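Residue-level structural notes
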Amino acid sequence: AVVGAQSFSTTFASPLPSGYEVTEAVVAHGATTLQVTNSMPVPCTATLTWDALRTAGGAPLAQQFTLAAGQSLSRTIDFAGYRLADGGLPLTSLDAAVVVSSPGSSGQDVTMDAGDGLTASLSAASISFASVTGVVPESVVELEPSVQDIDLPDELTGLELTAARLVLRLATTATLPGRVD
């Protein structure tokens, strides 16, 4: 059959950790690999856009793939330097829009199967942020009691300590308030 020019769009979401209400963040580093496969007998162009990830100039993160019939492409997408925000609203997922267009089969007969289409596989990513604005859920760390025996030299036999002091220093690079009980 002859396939005419066509286009379609879809969206997908990658959930963010629950309990966090991130309203803005700047990505320090992180990347993912996206594999796109065109199993159709016609060429197509796919544009993937993450509207909530923006450059310093305000442009959304967009990647375009031009695929011949039956072609697969893989690309590493670097998130470093992008700002994650949704107009001040808390983000619960990272949403992406996909627009696919094809010029069709240029008047030529092609065999198309019901399972033919465009598939995308996005690998898991680890992203580190340079800064985050929003609400972070409380995190509790419990330290187990520790008993430490101290061996004293023989010259100090019979010495008794009447008081001991343990100095515990806690440090964090997060600029979040904390409490120690």
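Preceding block: the structure.
Residues numbered from 1 in each chain as written. Predicted model: local features only at pLDDT ≥ 70, side-chain atom pairs only at ≥ 80, totals over all residues. Heavy atoms only, no water.

Digging into the side chain of Ser 105
Looking at where Ser 105 falls in the secondary structure, it is placed in the loop between β8 (93-102) and β9 (118-122). Residue classification places Ser 105 among the buried positions, given a relative accessible area of 9%. Apart from residues no more than four positions distant in its own chain, Ser 105 is found in contact with Ala 1, Val 2, Val 3, Val 42 and Val 110. (Helix = DSSP H or I, 4+ residues; strand = E, 2+ residues; numbered from the N terminus. Buried < 20%, exposed > 50% of the residue type's maximum accessible area, 1.4 Å probe, protein only. Contact = heavy atoms within 4.5 Å.)

Considerations on unusual backbone geometry
Even without a glycine there, the phi angle at Ser 106 is positive, about 55°. Mapped onto the fold, Ser 106 is located in the loop between β8 and β9. A relative accessible area of 63% means that Ser 106 is categorised as exposed.

Things to note about the pattern of salt bridges
Any two side chains of opposite charge can pair if their charged atoms end up close together. If you walk through the whole model with that rule in mind, you get two salt bridges. The closest approach of N and O atoms between Glu 24 and Arg 83, which form a salt bridge, is 3.7 Å. On the criterion of sequence distance, the pair formed by Glu 24 in strand β2 (residues 21-29) and Arg 83 in strand β7 (residues 83-85) is long-range, its members being 59 residues apart. A salt bridge links Asp 51 to Arg 54; the shortest N-O distance between them is 2.5 Å. (Salt bridge = Lys/Arg side-chain N within 4 Å of Asp/Glu carboxyl O.)

Purely spatial values, then, with no claim about function.
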